[in-house]
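Residues per chain, in single letters:
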Amino acid sequence: MKIKTRLDDRDLHSHVKARMLQRGVTKEEIEVTLNKGWEADDAKPGTSGKVFVFPYNDNWEGEFFEEKEVRVYYKSVGDTFVLLTVKARYGKIFLREEVRESENRI
């Protein structure tokens, strides 16, 4: 499946937009995650996912966090790329196999 490198508003259906707002994820962060992220090992069968860690150094819900991990889940329906949801975790130095891949951090 070809992953979209740039998203438009048609790619962001109401569920994805609601999750973006709820979880503090931007369209640009989704695009970076899709293009530069590593494979999410927790994607369900038939679904793919990508993960990327961004520097954050800001407050989220009243607490300061150094990093934000964004996870994007998607699938292919025929020849169509479909975003399913986005997730974000805020913290510092996320434990993951990707620590060895420093290019997956901005």
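Let us look at the structure shown here. (Residues numbered from 1 in each chain as written. Predicted model: local features only at pLDDT ≥ 70, side-chain atom pairs only at ≥ 80, totals over all residues. Heavy atoms only, no water.)

On to the pattern of salt bridges, then. In total, this model carries seven salt bridges according to the counting rule given. Taking the shortest distance from any N to any O, the salt bridge between Lys68 and Glu29 comes out at 2.8 Å. Placement of the pair is Lys68 in strand β3 (residues 63–77) and Glu29 in helix α2 (residues 27–36), with a sequence separation of 39 residues. The residues Lys68 and Glu29 share a single accessibility class, namely buried. (Salt bridge = Lys/Arg side-chain N within 4 Å of Asp/Glu carboxyl O. Helix = DSSP H or I, 4+ residues; strand = E, 2+ residues; numbered from the N terminus. Buried < 20%, exposed > 50% of the residue type's maximum accessible area, 1.4 Å probe, protein only.)

Moving on, we get to the sheet that holds strand β4 (residues 80–91). Pairing is antiparallel in the open sheet, where four strands are placed in the order β1-β2-β3-β4. Every other strand in the sheet has two partners, leaving β1 (38–39) and β4 as the edge strands with one partner each. Bridge count between β1 and strand β2 (residues 48–60): two bridges; the pairing is antiparallel. Across the sheet, Glu39 pairs through a bridge with Lys50, a residue of β2. Contacting β2 and β4, helix α1 (residues 14–23) runs over the sheet at an angle of about 10 degrees to β4. α2 rests against β1, β2, β3 and β4 of the sheet, and its axis sits at about 135 degrees to β2. (Pairing = 2+ DSSP bridges. Contact = heavy atoms within 4.5 Å. Axes fitted to C-alpha atoms, helices over the stretch in contact; angles between N-to-C directions.)

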